[in-house]
Structures are given as C-alpha cells and as structure tokens.
Amino acid sequence: MKDSMVTLAVDYPLLNMFWTMLMIFLWILWFMLLFRIIGDIFRDDDLGGWGKAGWTAFVILLPFLGVFVYLIARGRSMGERELNRIRQNEEQFRTYVRDTAGSGGSQADELARLAELKNSGAITEAEFAQAKAKVLAS
C-alpha cells in the first residue's frame, strides 16, 4: 500500500501556482477586451454592415492582430462612442425622472385648478366632484 503514488498539492511549486494564476488572469483579460471590441463594433452607427462584418471577421479569425489593429485604428473613437453612449443613457434617465416626477405634480395642479374654478363659480359642486373623481382615478 505504501508503494502507490499519491499526488498532493505540495508537489506543485509556488512559482508555478503564481504563473498559472497570471495566465488565467491574462486569459480573462483577453476575453474581456475581445468582447468589448466586438460590442463596440456592433454599437457603432458609423460603420455599415460590411464594415461590421469585416472587422468582426478580422477580430475573430486573427484575434491578436485584429484586436491590436482595431485598437490602433479606432481606439480613440471607441472611447468617444462609449462616452456619448453614457451621456445619452444619462439624459434619457433624467428625462424619464423629470417626466415621471412631473406627472405626479400635475394631478395636484389639476385639483387646485378645479378648486379655483369652483370657488369662482365657473363650475358647480356636482361638476367639481365629478372632475375631481376623474382626476384622482387617473
């Protein structure tokens, strides 16, 4: 029984473990870069269909050369496109919040306007109650 060979983690040297971790980190970093570039290719509105197909084929078929050429040729505009996309998303969010918050205040404004009309005698109490129910229901 003592003659059987057992491989333990102790048999894996520390520097080999660090080297393996570095390779795994670089491999993950490479895929993140590759996905970011492919995402940028498809989000770019300036590129036509053939341009997108060409860059995608170049990046997939010759990955190292394709990625480096893409970064050299379109790296600066890649950052500008990302910044514009972030600004556009932020503006859409602000518009949504402004419209949503504005619609909550308009109900109170509508009720105040109806009360003013009732107090001035422009509408009767029954018309006021009906309009108030309609505003509160919406």
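Higher on the page you've got the structure.
Fair warning: this is a prediction, and the values are worked out from it, not measured in the lab.

### Details of the pattern of salt bridges
A complete count under the given rule lists eight salt bridges for this structure. One salt bridge connects R94 with E90, and the closest N-O pair in it is separated by 2.7 Å. Of the two residues, R94 and E90 both sit in helix α3 (residues 63-120), four residues apart, roughly one turn of that helix. We classify R94 as partly exposed; its relative accessible area is 46%. Shared partners join several salt bridges into a network, and the residues in it are D40, D44, R74 and R81.

### Considerations on the layout of surface pockets
Any empty space left between the atoms is revealed when a probe the size of a water molecule rolls over them. Looking at the largest pocket, its volume works out to about 190 Å³. In this structure, the largest pocket is lined by D40, R43, D44, D45, D46, R81, E82, N84, R85 and Q88. Of all the secondary structure elements, the ones that give two or more residues to the lining of the largest pocket are α1 (14-43) and α3. Top contributing element to the lining of the largest pocket by residue count: α3, with five residues. The residue makeup of the lining of the largest pocket, split by class, is no nonpolar, two polar and eight charged.

### Quick look at a nonpolar patch on the surface
Among the surface-exposed residues, Y12, L14, L15, M17, F18 and M21 lie close enough to one another that they form a single nonpolar patch of about 650 Å² accessible area. Following the sequence through the fold, Y12 ends up in the segment before α1. Y12 gets classed as partly exposed once you look at its relative accessible area, which sits at 44%.

Scoring rules and cut-offs
Residues numbered from 1 in each chain as written. Predicted model: local features only at pLDDT ≥ 70, side-chain atom pairs only at ≥ 80, totals over all residues. Heavy atoms only, no water. Salt bridge = Lys/Arg side-chain N within 4 Å of Asp/Glu carboxyl O. Helix = DSSP H or I, 4+ residues; strand = E, 2+ residues; numbered from the N terminus. Buried < 20%, exposed > 50% of the residue type's maximum accessible area, 1.4 Å probe, protein only. 1 Å grid on protein atoms, 1.4 Å probe; cavity = no way out; pocket = protein on both sides within 12 Å on 5 of 7 lines; lining within 4 Å. Points joined across faces, edges and corners; volume = space filled by probe spheres on them. Nonpolar A, V, L, I, M, F, W, Y, C, P; charged D, E, K, R; others polar. Patch = residues over 30% accessible without salt bridge, like charges linked within 9 Å, V, L, I, M, F, W, Y side chains within 5 Å. Areas by Shrake-Rupley, 256 points an atom, 1.4 Å probe, with all protein chains shown as cover.

Function-wise, these values are silent; they only describe arrangement.
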